Structures are given as C-alpha cells and as structure tokens.
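Chain by chain, the residues:
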Amino acid sequence: MARGREGIAKRAREKARIQRQEAKRIRRQALLEESTQPDPDDEARLMEEFRLLSERRAASKVSESTYEAERQRIFAELGIEPG
C-alpha cells in the first residue's frame, strides 16, 4: 500500500511542477509581447523624429547615408520593417 500512495504523491508533484512551468511560460510570453509593443508616447516621439529627419533630408541638410541609418534605427525602435 505504501508504494501506491507514493506513486499518487509523485504524480501530484509532477502535475504541480508542470502547472508551474506552464504559468511561467505564459508570464514570460506576456512580458515578451508587452516589451515588443512601443509605448504610445515613445511612438509619437519616434514619428516626430522621423518627420524632422525627412524634412532635413528634403532640405539637403543630411546625407543620404545618415538618413538611411537614422531611418533604420527609428523603424527598428518602432518595430517596423524598413521597406
């Protein structure tokens, strides 16, 4: 009889361990999704920065290579694929 109870206890511990792992995985996934979403204020700041950069490029106040580098940086921070 003792072995039967040990087996039941072992299965219960294993089930609890798996549930804890699943909860951690869900929390990590939520944090990852949360961290990839730009803050609305940050997004507005980056869009304004891009607007100013585009204006400076149009006025020939910034080189093409500088423009492309800054554009890629801004797009990366926004989570946008530069096209």
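The structure this text deals with has already been given above.
Residues numbered from 1 in each chain as written. Predicted model: local features only at pLDDT ≥ 70, side-chain atom pairs only at ≥ 80, totals over all residues. Heavy atoms only, no water.

Chemist: How do you make sense of the overall build of the chain when you look at a structure like this?
Modeler: The secondary structure content of the chain amounts to three helices and zero strands. Each helix (α) and strand (β) of the chain, taken in turn from the N terminus, gives the series α-α-α. Element-wise, carbon and sulfur atoms account for 54% of the exposed surface of the chain, whose accessible area totals about 7000 Å². (Helix = DSSP H or I, 4+ residues; strand = E, 2+ residues; numbered from the N terminus. Areas by Shrake-Rupley, 256 points an atom, 1.4 Å probe, with all protein chains shown as cover.)

Chemist: Honestly, the packing of helix α2 (residues 40-58) against helix α3 (residues 64-78) in this entry has me stumped. Any pointers?
Modeler: Packed helices, taken two at a time, are described by the angle between their axes plus the distance between the axes. Contact pair α2 / α3: the axes reach a minimum separation of 10 Å and the direction vectors enclose 165 degrees. One element, α2, and the other, α3, form an angle in the roughly antiparallel class. Judged by the twist between their axes, the crossing of α2 over α3 is left-handed. Side by side, α2 and α3 meet where E43, R45, L46, M47, E49, F50, L53, S54 and R57 of the first sit next to E64, Y67, E70, R71, R73, I74, F75, E77 and L78 of the second. The class makeup of the residues in the contact of α2 with α3 is eight nonpolar, one polar and nine charged. (Axes fitted to C-alpha atoms, helices over the stretch in contact; angles between N-to-C directions. Parallel < 35°, antiparallel > 145°, perpendicular 65-115°, else oblique. Left-handed = near helix turned anticlockwise from the far one by under 90°. Contact = heavy atoms within 4.5 Å. Nonpolar A, V, L, I, M, F, W, Y, C, P; charged D, E, K, R; others polar.)

Chemist: Looking at this structure, how should I read the nonpolar core?
Modeler: Generally speaking, soluble globular proteins have nonpolar side chains that are buried together. Membership of the largest hydrophobic core is limited to eight residues, which are L46, F50, L53, V62, Y67, I74, F75 and L78. The dominant element in this core, judged by the number of residues it contributes, is α3, at four residues. Apart from the residues within four sequence positions on either side, L46 is in contact with I74, E77 and L78. (Core = buried A, V, L, I, M, F, W, Y, C linked by side-chain atoms within 4.5 Å. Buried < 20%, exposed > 50% of the residue type's maximum accessible area, 1.4 Å probe, protein only.)

Chemist: What's the story with the side chain of R71 in this structure? I'm lost.
Modeler: Considering the arrangement of structural elements, one finds R71 in helix α3. Among the residues examined, R71 registers a relative accessible area of 13% and is labelled buried. A distance of 3.1 Å separates a polar atom in the side chain of R71 from a polar atom in the side chain of E68. (Polar contact = N/O pair within 3.5 Å; in protein donor to acceptor, adjacent residues only side chain to side chain.)

Chemist: How should I be thinking about the pattern of salt bridges in this particular structure?
Modeler: Side chains that carry opposite charge are capable of pairing whenever their charged atoms lie near each other. For the structure on display, the rule yields 12 salt bridges. Between R51 and E55 there is a salt bridge, with its nearest N and O atoms 2.5 Å apart. Of this pair, R51 and E55 are both found in helix α2, four residues apart, which corresponds to roughly one turn of the helix. Under the relative-accessibility criterion, R51 is labelled partly exposed at 37%. (Salt bridge = Lys/Arg side-chain N within 4 Å of Asp/Glu carboxyl O.)

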